[in-house]
2 protein chains.
Amino acid sequence: MENLRVSSTSEPGATAGAIANGIRQHGESQVLVIGPRAVNQAVKAIAVARSYLAASGVDLYFTPSFASVQIESQERTALHFVVRTRHPLTTALPLAATGEEPI
Amino acid sequence: MENLRVSSTSEPGATAGAIANGIRQHGESQVLVIGPRAVNQAVKAIAVARSYLAASGVDLYFTPSFASVQIESQERTALHFVVRTRHPLTTALPLAATGEEPI
């Protein structure tokens, strides 16, 4: 599974949709962010994704950790988020069963 | 339990200690942040707190949601984090038993 890259200009609603898609397809989403504004956009997107999925009785949580990434030959410190569902059956969400898009 | 306020100038190590203390005393910590840099500091603090507690076999996760707060008679949108442990026995962490400070 690839990391979802979220930048300072990412739109939280669209990012929330991408996170929700990752959850439906893989049971989790992984997000990589560099810099305060990108972190802020990613956290807001997760808050939005939680509200999308709340109607289905699914909740999301995430665990942040530090990561080192190479950008243009320079080492940068990034934050890596693993977003998971608190619902026990991640592969059988009501959203996936109905085919409805969360956004 | 009071919200821990984290600002753009909060030091992640000290904030991580406060979060870990909340976990030990109440089983969870609640964090309130306004603005991208404060969000970034709080998320970094949670990443640091995870590394403090990892040696005890305890992991932390958190759920972000939007909150409305009044600051100087103005309504501001904040983010509210509930930080919980993935260890099933939050009241009997090894750290609390030994009395060791995580920082």
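Structure: above.
Keep in mind it's a predicted model, so treat the numbers as computed, not measured.

J.: Before we go on, may I ask you to explain the overall build of chain A in this structure?
T.: In terms of regular secondary structure, chain A is built from 3 helices and 4 strands. Traced from its N-terminal end to its C-terminal end, chain A shows the element sequence β-α-β-α-β-β-α. The proportion of buried residues among the 103 residues of chain A is 51%. For chain A, the share of sequence-separated contacts (at least 6 apart) that also reach a separation of at least 24 residues comes to 70%. A total of about 5000 Å² of accessible surface is found on chain A, and carbon and sulfur atoms cover 46% of it.

J.: How should the packing of helix H1 (residues 12–26) of chain A against helix H2 (residues 36–54) of chain A be read in this particular structure?
T.: Helices that pack against each other are described as a pair by the angle of their axes relative to one another and the distance between those axes. Residues and elements named next belong to chain A. Two elements in contact, H1 and H2, have axes separated by 8 Å at closest approach and are oriented at 65 degrees. The chirality of how H1 crosses H2 is right-handed. From H1, Pro12, Gly13, Thr15, Ala16, Gly17 and Ile19 reach across to H2, where they touch Gln41, Lys44, Ala45, Ile46, Val48, Ala49 and Tyr52.

J.: Looking at this structure, I do not really get the interface of chain A and chain B. What am I missing?
T.: Size of an interface: often given as the accessible area lost when the parts come together. Taken residue by residue, the interface counts 22 residues in chain A and 23 residues in chain B. Summing both partners gives a buried area of about 1800 Å² for chain A against chain B, and 70% of it is carried by carbon and sulfur. The largest share of the area that chain A buries against chain B comes from Pro36, Pro64 and Phe66 of chain A, three residues that together contribute 26% of it. If you look at where chain A meets chain B, you find 0 salt bridges. Counting across the chain A and chain B interface gives 4 residue pairs in polar contact (both at pLDDT 80 or more). Of all the secondary-structure elements, those providing two or more residues to the side of chain A that touches chain B are H2, strand S3 (60–71) and strand S4 (74–85) of chain A. Ranked by residue count, the leading element in the side of chain A that touches chain B is H2 of chain A, at 10 residues. Along the lines of polarity and charge, the residues of the side of chain A that touches chain B split into 13 nonpolar, 3 polar and 6 charged.

J.: What am I meant to see in the relation of the copies chain A and chain B here?
T.: Here the two chain copies are tied together by a rotation about an axis and a shift along that axis. Rotating chain A by 180 degrees about the axis while translating it 0.0 Å along that axis superimposes it on chain B, leaving an RMSD of 0.0 Å. In symmetry terms, the pair is related by a two-fold rotation axis. A shared interface surface links the copies, since 100% of the contact residues of chain A are contact residues in chain B too.

J.: What should I look at first to understand the side chain of Glu28 of chain A in this one?
T.: All names here are of chain A. Within the element layout of this structure, Glu28 appears in strand S2 (residues 28–33). By relative accessible area, which is 19% here, Glu28 ends up buried. Here the side chain of Glu28 touches Gln30 through a polar contact of 3.0 Å, side chain to side chain.

J.: Quick question: what am I supposed to make of the pairing of strand S4 (residues 74–85) of chain B here?
T.: Residue and element names in this part refer to chain B. Sheet topology places strand S2 (residues 28–33) next to S4; 6 bridges connect them, and they run antiparallel. Its bridge partner lying in S4, Leu32 is registered against His80. Sheet topology places strand S3 (residues 60–71) next to S4; 12 bridges connect them, and they run antiparallel. What sits directly across from Phe66, in S4, is Leu79.

J.: Could you clarify how one ought to interpret the pattern of salt bridges in this entry?
T.: Two side chains carrying opposite charge are able to pair once their charged atoms lie near each other. Residue and element names in this part refer to chain A. Taken as a whole and assessed by the stated rule, the structure comprises 5 salt bridges over all chains. In this structure, Glu28 and Arg84 form a salt bridge, with 3.3 Å as the shortest nitrogen-oxygen distance. Of this pair, Glu28 sits in strand S2 while Arg84 sits in strand S4, and the two are 56 residues apart along the sequence. Under the relative-accessibility criterion, Arg84 is labelled partly exposed at 23%. We note a salt bridge from Arg86 to Asp59, for which the minimum N-O separation is 2.8 Å. Taken as a pair, Arg86 in the loop between S4 and helix H3 (94–98) and Asp59 in the loop between H2 and S3 lie far apart in primary sequence, 27 residues in all. Judged by its relative accessible area of 38%, Arg86 is partly exposed. A residue is classified by how much of its surface remains accessible, and Asp59, at 17% relative accessible area, is buried.

Conventions we followed
- Residues numbered from 1 in each chain as written.
- Chains lettered and ligands numbered in written order.
- Predicted model: local features only at pLDDT ≥ 70, side-chain atom pairs only at ≥ 80, totals over all residues.
- Heavy atoms only, no water.
- Helix = DSSP H or I, 4+ residues; strand = E, 2+ residues; numbered from the N terminus.
- Buried < 20%, exposed > 50% of the residue type's maximum accessible area, 1.4 Å probe, protein only.
- Contact = heavy atoms within 4.5 Å.
- Areas by Shrake-Rupley, 256 points an atom, 1.4 Å probe, with all protein chains shown as cover.
- Axes fitted to C-alpha atoms, helices over the stretch in contact; angles between N-to-C directions.
- Left-handed = near helix turned anticlockwise from the far one by under 90°.
- Buried area = accessible area lost by both parts, 1.4 Å probe.
- Salt bridge = Lys/Arg side-chain N within 4 Å of Asp/Glu carboxyl O.
- Polar contact = N/O pair within 3.5 Å; in protein donor to acceptor, adjacent residues only side chain to side chain.
- Nonpolar A, V, L, I, M, F, W, Y, C, P; charged D, E, K, R; others polar.
- Least-squares fit on C-alpha atoms with pLDDT ≥ 70 in both.
- Pairing = 2+ DSSP bridges.

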